[in-house]
Protein chains: 2
Amino acid sequence: MAALPIQIDRTSPVPLYHQLAEQLTAAVSNGTLRPGDAFENELAMSDRLSLSRPTVRRAISELVNKGLLVRRRGIGTTVANQMVHRRAELTSLYDDLIREGRTPRTEVLSLNCSTQDDRAAEALGLKPGALLVAIVRLRYAGDQPLAILRNWLPPAMDDLTTELLETDGLYAVLRARGIRPTVARQRIGARNATAEERRILHMSKAEPLVTMTRSAYDADGSPVEFGDHCYRADQYSVDVIVSER
Amino acid sequence: MAALPIQIDRTSPVPLYHQLAEQLTAAVSNGTLRPGDAFENELAMSDRLSLSRPTVRRAISELVNKGLLVRRRGIGTTVANQMVHRRAELTSLYDDLIREGRTPRTEVLSLNCSTQDDRAAEALGLKPGALLVAIVRLRYAGDQPLAILRNWLPPAMDDLTTELLETDGLYAVLRARGIRPTVARQRIGARNATAEERRILHMSKAEPLVTMTRSAYDADGSPVEFGDHCYRADQYSVDVIVSER
DNA sequence: TAGTGGTCTAGACCACGCA
DNA sequence: GCGTGGTCTAGACCACTAT
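## Digging into the domain arrangement of chain A
Thinking step 1. One can read the domain layout of chain A as domain 1 (16–79) and domain 2 (84–239).
Thinking step 2. Between the C-alpha centres of domain 1 of chain A and domain 2 of chain A there is a distance of 39 Å.

## Considerations on the protein's contact with DNA strand D
Thinking step 1. By nearness alone, 23 residues border DNA strand D, and Asn41(A), Arg10(B), Leu16(B), Tyr17(B) and Thr55(B) come closest of all.
Thinking step 2. The protein-proximal atoms of DNA strand D, defined as those within 4 Å of the protein, are 73% sugar or phosphate.
Thinking step 3. In the environment of DNA strand D, a phosphate oxygen lies 2.6 Å from a nitrogen or oxygen atom belonging to the side chain of Arg10(B).
Thinking step 4. Contacts to DNA strand D include Tyr17(B), whose side-chain N or O atom sits 2.7 Å from a phosphate oxygen.
Thinking step 5. Contributing elements (two or more residues each) for the surface near DNA strand D: α3 (53–66), β1 (69–72) and β2 (76–79) of chain A together with α1 (16–29) and α3 (53–66) of chain B.
Thinking step 6. Among the elements that line the surface near DNA strand D, the one with the most residues is α3(B), at four residues.
Thinking step 7. Here the surface near DNA strand D is built from residues that sort into six nonpolar, seven polar and ten charged.

## Some thoughts on the nonpolar core
Thinking step 1. Formed by 28 residues in total, the largest nonpolar core has its most connected members in Ile188(A), Tyr231(A), Ile188(B) and Tyr231(B).
Thinking step 2. Those residues in contact with Ile188(A) that lie beyond four places of it in its chain are Val210(A), Thr211(A), Met212(A), Val238(A), Ile188(B), Ser237(B), Val238(B) and Val240(B).

## Observations regarding the relation of the copies chain A and chain B
Thinking step 1. The operation relating chain A to chain B is a screw motion whose rotation component is 180°, with 0.1 Å of axial translation and a residual RMSD of 0.3 Å. Considering both components of the superposition, the chain copies are consistent with a two-fold axis.
Thinking step 2. Of the interface residues in chain A, 100% have counterparts in chain B that sit at the interface too, so the contact is made through matching surfaces.

## Overview of the protein's contact with DNA strand C
Thinking step 1. Around DNA strand C, 23 residues are found, and the nearest of them are Arg10(A), Leu16(A), Thr55(A), Asn41(B) and Arg57(B).
Thinking step 2. In DNA strand C, atoms within 4 Å of the protein come from the sugar-phosphate backbone in 72% of cases.
Thinking step 3. The separation between a phosphate oxygen of DNA strand C and a polar side-chain atom of Ser52(A) is 2.9 Å.
Thinking step 4. Contact distances for DNA strand C include 3.2 Å between a phosphate oxygen and a backbone N or O atom of Glu42(B).
Thinking step 5. Of all elements in the fold, only α1 (16–29) and α3 of chain A together with α3, β1 (69–72) and β2 (76–79) of chain B reach the threshold of two or more residues within the surface near DNA strand C.

## Regarding the sheet that holds strand β6 (residues 183–192) of chain A
Thinking step 1. With respect to topology, seven strands assemble into an open sheet ordered β3(A)-β4(A)-β5(A)-β8(A)-β7(A)-β6(A)-β9(B), the strand pairing being antiparallel. Each of the sheet's edge strands pairs with one partner strand only, and the pair in question is β3 (104–116) of chain A together with β9 (238–243) of chain B. With direction set aside, neighbouring strand axes in the sheet form an average angle of 20°.
Thinking step 2. Inspection of the sheet shows strand β5 (residues 144–153) of chain A paired to strand β8 (residues 223–232) of chain A by six bridges, in the antiparallel sense. In the strand pairing of β8(A), Trp152(A) is matched with Phe226(A).

## Brief notes about the interface of chain A and chain B
Interfaces are often sized by the amount of accessible area the parts lose when they come together.
Thinking step 1. With 45 residues of chain A at the interface, the matching set in chain B holds 45 residues.
Thinking step 2. Interface area for chain A against chain B, summed over the two sides, is near 4,200 Å², with a carbon-plus-sulfur share of 48%.
Thinking step 3. Counting across the chain A and chain B interface gives four salt bridges.
Thinking step 4. A salt bridge links Arg187(B) to Asp239(A); its shortest N-O distance comes to 2.7 Å.

## Focus on the confidence of the model for chain A
Residues and elements named next belong to chain A.
Thinking step 1. Residues of chain A with pLDDT of at least 70 account for 91%, and the chain-wide mean is 86.
Thinking step 2. Confidence scores differ between elements of chain A, with helix α4 (residues 93–99) showing the lowest mean pLDDT of 61 and helix α8 (residues 195–200) the highest of 95.
Thinking step 3. Contacts for the low-pLDDT stretch residues 85–92, under 50 throughout, to residues beyond four places or in other chains number 23 contacts.

## Observations regarding the packing of aromatic side chains
Thinking step 1. The full count for this structure, using the stated rule, is four aromatic pairs over all chains.
Thinking step 2. Judged by centre distance (4.1 Å) and plane angle (25°), the rings of Tyr231(A) and Tyr236(A) are stacked.
Thinking step 3. Using a relative accessible area of 15% as the deciding quantity, one classes Tyr236(A) as buried.
Thinking step 4. With 5.9 Å between their ring centres and 35° between their planes, Trp152(B) and Phe226(B) make a pair best called tilted. With Trp152(B) in strand β5 (residues 144–153) and Phe226(B) in strand β8 (residues 223–232), this residue pair connects regions lying 74 residues apart in the sequence.
Thinking step 5. Take Trp152(B): its relative accessible area is 10%, and that puts it in the buried class.
Thinking step 6. Taking relative accessible area as the criterion, Phe226(B) reaches 6% and is therefore assigned buried.

Thresholds, definitions, all that
Residues numbered from 1 in each chain as written. Chains lettered and ligands numbered in written order. Predicted model: local features only at pLDDT ≥ 70, side-chain atom pairs only at ≥ 80, totals over all residues. Heavy atoms only, no water. Domains from an automatic or database assignment. Near = heavy atom within 4 Å. Polar contact = N/O pair within 3.5 Å; in protein donor to acceptor, adjacent residues only side chain to side chain. Helix = DSSP H or I, 4+ residues; strand = E, 2+ residues; numbered from the N terminus. Nonpolar A, V, L, I, M, F, W, Y, C, P; charged D, E, K, R; others polar. Core = buried A, V, L, I, M, F, W, Y, C linked by side-chain atoms within 4.5 Å. Buried < 20%, exposed > 50% of the residue type's maximum accessible area, 1.4 Å probe, protein only. Contact = heavy atoms within 4.5 Å. Least-squares fit on C-alpha atoms with pLDDT ≥ 70 in both. Pairing = 2+ DSSP bridges. Axes fitted to C-alpha atoms, helices over the stretch in contact; angles between N-to-C directions. Buried area = accessible area lost by both parts, 1.4 Å probe. Salt bridge = Lys/Arg side-chain N within 4 Å of Asp/Glu carboxyl O. pLDDT = per-residue confidence, 0-100. Phe/Tyr/Trp six-rings, centres within 6.5 Å; stacked < 30°, edge-to-face > 60°.

So, in structure tokens, the structure goes:
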């Protein structure tokens, strides 16, 4: 069992437990520690680093919650087996495409600052008939149309412009205004494309669409955005990590 | 701000922070506390209940992590806005159907205890060509066929029987053997049904299927099960809660 | 200035798994 | 019996927000 070289900076504004957790995370994910390896125990580590046991414990807990480590009473702490440790993230398709190295592009098909849509209003916590900002965008991956994105926002967002939405993603625009979606509820399904969707997405045959409706909320639980999206099924799937921890 | 009536049983084996967290959770979800309401502060609560502040804090943290409460430094703790608080769970379709009040039924189409499937073997952390247990089941909701479930398990599970699988769900059978899936990685997409799938699922027209492949792991991160499922899209969708916390 | 949550410490005792 | 993680205490100081 290796004693990892850890550097703690007590003058940093970063909490000690987080400094420690970051360095431990690095050691696990860069392979310094292999799956199954025993982990230095809490008492030894707190002694070695001159940290209190609760502080060390909190750092280790962070890794346990992420599934990187397994704690067993009476046994010790060990590095968890393989398992891709990427968590489901709250990102946009835009980010996903960039990550895959494809060059996404967005075309705003319509931008209407006073629409009515009862399903969207309800999702946004507003009364039926409330006026909403409605956006319809077409997402390309390279030259190929990939998805039709329909989004509704609260009326306060009525100063959005086509340019903003086409250069940055919707989520980037929201973040720039201090709005940070934190939790989202998504429903994923499938259906056949309508004639118009087939035309817009250049779908020749009777290919299916993957559908996703999403209600996004900030840390308070206040609704931020409601979306109803559809993707060409041959081009898109959704990855999710489900956890009982 | 109400002082909630909390009962702490110090003779119980249940940790104090968990007893407290459960009662606080109940107060929030049954509407005793409304969204936006101020929450009793940590010091007052620890004093009132004769618990240490870290213990109270840990209980509150549990609710914050679930998204029920919002803590703001200098402000206080408040109840989060609406937002359905159900978390994405690692359950089977079987459980989902029972919850919806439909009566699910399972028919085992085949059970083969020494199959080869390289994709499944890789997902289970075994060498290509390794012998696996393969199960194909047909899931009904009431009288209607809903899904074809294909699962692969490690060779150690070669004593499964058709009866077991048809009376309990697969996950119940695993749990009964002390195997507890904790984390799963799912990929959800859509495609058209093959002729055979159309026949088995009684699909008349060119309806699409929702597809889901799932790799499930236990708390150690050891692979437990690999599944490749398809559902009638008109009958099924997947709910997911994505969180950045 | 007063009150809140955020962090941290130095102990303590218990429950569990193993030799 | 011994070492591990699991829980709990009684303080302390700090950073932030409101008034």
